[in-house]
Amino acid sequence: LTHTALSFSFFDFLIGGSFDNDSGEYFAPISKGESSAPSAPSAALQQSAASSDLVATAPDHNARASLERRRRTYVMNELMYHPQLPYVHHSAFFNMCRLKGISFDLVERTGTVFNLMDSFAAGTLGVLTTGRSLLDSLRKFADCLDFIQKQVGPATTKLSDESHETRPRAS
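Numbering of residues starts from 1 in each chain and follows the order in which that chain's sequence is written. Totals for whole chains, interfaces and linings use every residue, but because this is a predicted model, local features are given only for residues with pLDDT of at least 70 and side-chain atom pairs only at 80 or more, for both listing and counting. Hydrogens and water are ignored here; the side-chain numbers use all heavy atoms of the structure.

Before going further, it helps to examine the sheet that holds strand β3 (residues 71-81). Spatial strand order, β1-β2-β3-β6-β5-β4: six strands in an open sheet with antiparallel pairing. Either end of the sheet is taken by a strand with one partner, and the two such strands are β1 (18-20) and β4 (104-105). Both strand β5 (residues 110-115) and strand β6 (residues 124-131) contribute to a ladder of five bridges, which runs antiparallel. Paired with Thr112 across the bridge in β6 is Thr129. The sheet contacts of helix α1 (residues 3-15) involve β1, β2 (25-27), β3, β4, β5 and β6, and relative to β3 the element is tilted by about 125°. In this fold helix α5 (residues 134-152) packs onto β3, β5 and β6, with an angle of close to 30° to the strand it touches most, β3. One bridge is not enough; two strands pair if DSSP finds at least two bridges between them. Helix numbers and strand numbers start at the N terminus; a helix is a DSSP run of H or I with at least 4 residues, a strand a run of E with at least 2. In this analysis, two residues are considered to be in contact whenever any of their non-hydrogen atoms come within 4.5 Å of each other. To define axes, lines are fitted to C-alpha atoms, for helices over the stretch in contact only, and angles between the resulting N-to-C directions are given on a 0 to 180 degree scale.

What follows is the structure in structure tokens.
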């Protein structure tokens, strides 16, 4: 799998919804309190698009509102390195996440999920944020990065000969 396909598979596993090929959007499953008609997102979009009236009818409006509530997007950083992360205890980190609202809501299927590649000893982790819009997902991701900087510390490192980072060569 490519990195993109793997990221999407992780998102799909987490949300458990469906991708609509016609609209190019992803929708979370219908919650228990929501009406299931129309069942396919593209059917509701086609029904709404076919309506030539300027004023939407109540069923069209309800179908659109249902789709808006179910739409999900994501932002993922597969591998992030922070030099101070090995010095943080898992329990303290995740407790602070909970206290600061960096979490994933299992009912709404939005929020932040950490993908632990290894223990914090390697200083790496992955972050996936999901939201109802791309802007919502990006805000959650920025909030997560801000949280990490405030709680773990700024990620400042010096370049060394052992570093894999690149720097301009002297002429």
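On to the nonpolar core, then. Buried residues of nine kinds, namely Ala, Val, Leu, Ile, Met, Phe, Trp, Tyr and Cys, make up a nonpolar core once their side-chain atoms join them within 4.5 Å. The rule is simple: take the accessible area with a 1.4 Å probe, protein chains only, and divide by the maximum for that residue type; under 20% is buried, over 50% is exposed, in between is partly exposed. Among the nonpolar cores identified, the biggest contains 16 residues, and Phe93, Phe114, Val127 and Ile148 are the most heavily contacted of them. For this core, the element with the highest residue contribution is α5, accounting for five residues. Look past the residues within four positions of Ile148 in its chain and what remains in contact with it is Met80, His82, Phe93, Phe114 and Gly153. In terms of nonpolar packing, the next biggest core, distinct from the first, is built from seven residues, Ile15, Ala28, Val113 and Leu128 among them.

This brings us to α5. A rise of 1.5 Å per residue sets the reference length of α5, with its 19 residues, at 27 Å; its end C-alpha atoms lie 26 Å apart and thus fit the reference within 8%. Among the residues making up α5, those that are buried are Ser137, Phe141, Cys144, Phe147, Ile148 and Val152. For α5, the buried positions fall inside an angular range of 120° around the axis, keeping them on one side. Those residues of α5 that are exposed and aimed more than 90 degrees away from the buried face are Arg139 and Lys150. The inward-facing, buried residues of α5 contact β3, α4 (90-99), β5 and β6. Just downstream of α5, Gly153 is the residue with a positive phi angle, here 120°. Working rule for helices: expected span equals 1.5 Å times residues minus one. Starting at the helix axis, one direction is taken to each C-beta atom, and the arc is that of these directions.

The next subject is the pattern of salt bridges. We define a salt bridge as a side-chain nitrogen of Lys or Arg found within 4 Å of a carboxyl oxygen belonging to Asp or Glu. What the rule picks out here adds up to four salt bridges. Of the charged contacts in the structure, one is a salt bridge between Arg71 and Glu25, with a shortest N-O distance of 2.9 Å. With Arg71 in strand β3 and Glu25 in strand β2, the pair connects residues that are 46 residues apart, well separated along the chain. With a relative accessible area of 14%, Arg71 lands in the buried category. The partly exposed category is assigned to Glu25, whose relative accessible area is 22%. Residue Asp146 is joined to Lys150 by a salt bridge in which the shortest nitrogen-to-oxygen separation is 3.1 Å. Placement of both Asp146 and Lys150 in helix α5 is noted, with a separation of four residues, approximately one turn of the helix.

Before going further, it helps to spend a moment on the side chain of Thr130. Topologically, Thr130 is positioned in strand β6. In this structure the side chain of Thr130 is engaged in a polar contact, spanning 3.3 Å, whose partner is the backbone oxygen of Arg109. By the criterion applied in these results, polar contacts are pairs of N or O atoms within 3.5 Å in which, for protein atoms, one can donate a hydrogen and the other can accept it, and in which residues neighboring in sequence qualify only through two side-chain atoms.

Any pair of cysteine sulfurs within 2.5 Å is marked as a disulfide. Counted according to the given criterion, the structure contains zero disulfides. No disulfide involves Cys97; its sulfur sits 6.8 Å from the nearest other cysteine sulfur, which is in Cys144. Given the relative accessible area of 2%, Cys97 is considered buried.

Axis separation between α4 and α5 bottoms out at 11 Å; the angle between their running directions is 130°. Comparing their axes, α5 and α4 come out oblique. Handedness of the α4/α5 crossing: right-handed. Along its contact with α4, which presents Phe93, Met96 and Cys97, the element α5 presents Phe147, Ile148, Gln151 and Val152. Charged residues are taken to be Asp, Glu, Lys and Arg, nonpolar residues to be Ala, Val, Leu, Ile, Met, Phe, Trp, Tyr, Cys and Pro, and polar residues to be all remaining types, Gly included. Tallied by class, the residues present in the contact of α4 with α5 amount to six nonpolar, one polar and no charged. For classification purposes, angles smaller than 35 degrees are called roughly parallel, those larger than 145 roughly antiparallel, those between 65 and 115 roughly perpendicular, and all remaining angles oblique. Note on convention: near helix rotated counterclockwise from far helix by under a right angle means a left-handed crossing. Clockwise means right-handed.

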